[in-house]
Amino acid sequence: MTETRGYHHGDLRRALLAAALDAIEEDGQATLSLRDLARRAGVSHAAPAHHFGDKAGLRTALATQGFDLLAQELAAAGDDLLAAGVAYVDFAVRHRAHFEVMFRPELYRADDPELIAARERAGAALRSQVATLPSGDTPADTDRDALAAWSIAHGFATLWLAGALPDRVGDNPRDAAREVLSRLAREPFQPDQPIAGK
C-alpha cells in the first residue's frame, strides 16, 4: 500500500487521527499501536510515524484536538455556568476517546506548545463563565471557583463513563448532569435544553 492511496494532500493526518479515535473507542488507549493505526487507515506502516513520530506524538495531537473541541463547546454555552457544566459532560460522552487521552498527561508531550495553547483556551472559556457568578459577601476567586466547577463536572463525566452512577439518574447524560449540577448552582432543574450553537 502507498501512503497516498485514497487520500488527497492534507487528508492523511486527519484520517489517521480519526482511525486512532475509532481504535480508542473500541479497545481503549492502552492498546493503541501505530501499526494497527496504519492498518485501520489503509496506509503504509510508516505513515503514522511520519506524521506523529511515535505514540506520544499521536496522543499529543489527539489531546490538542480534544482541548480545542472542548473550548468550542464551553464557549458555545455563553455566560451560563450550568450550561457549561452540561456541555462538559456532553463533550465527555460524545468524544470519549479524546476525553480518555486529554487528562492523562503521562501519555503525551505535556510541554507541546500547541497542546498548551489548546488547554489554555479550554481553561479560559471555563474561567470566563465562572467570572460571571455573583460573589456575594465573599471576594471572588475565579481560579478556585473554576477548579471547583471543573472538578465537579469532570467527576460526574468520569462516573457516567465508568457506568458507576446509580440507575435512578436515568439514561440521558445531559439531563442527569443538569439535575446534579443545578443543585450546586441552586438553579431549578429543567429537562434537556439545547445548548447555544447545537
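Right above here is the structure, for reference.
What comes next is a walk through the structure. Because the structure is predicted, anything quoted here is derived from the model rather than measured.

A few points about the packing of aromatic side chains
So, point 1. Considering all chains together, one arrives at six aromatic pairs under this definition.
So, point 2. Aromatic pair Tyr88 and Phe103: ring centres 6.5 Å apart, planes at 40°, arrangement tilted. Taken together, the residues span a long stretch of sequence, with Tyr88 in helix H5 (residues 81-94) and Phe103 in the loop between helix H6 (96-102) and helix H7 (113-130) at a distance of 15 residues.
So, point 3. Members of the aromatic cluster, connected to one another through ring pairs, are Phe67, Tyr88, Phe99, Phe103 and Trp150.

Description of the pattern of salt bridges
So, point 1. Enumeration according to the criterion identifies 14 salt bridges in this entry.
So, point 2. Residues Arg94 and Asp90 are paired through a salt bridge, measuring 2.9 Å at the closest nitrogen-oxygen approach. You can see Arg94 and its partner Asp90 sitting in helix H5, four residues apart, about one turn around the helix.
So, point 3. A residue is classified by how much of its surface remains accessible, and Arg94, at 40% relative accessible area, is partly exposed.
So, point 4. Judged by relative accessible area, which is 8%, Asp90 ranks as buried.

Conventions adopted
- Residues numbered from 1 in each chain as written.
- Predicted model: local features only at pLDDT ≥ 70, side-chain atom pairs only at ≥ 80, totals over all residues.
- Heavy atoms only, no water.
- Phe/Tyr/Trp six-rings, centres within 6.5 Å; stacked < 30°, edge-to-face > 60°.
- Helix = DSSP H or I, 4+ residues; strand = E, 2+ residues; numbered from the N terminus.
- Salt bridge = Lys/Arg side-chain N within 4 Å of Asp/Glu carboxyl O.
- Buried < 20%, exposed > 50% of the residue type's maximum accessible area, 1.4 Å probe, protein only.

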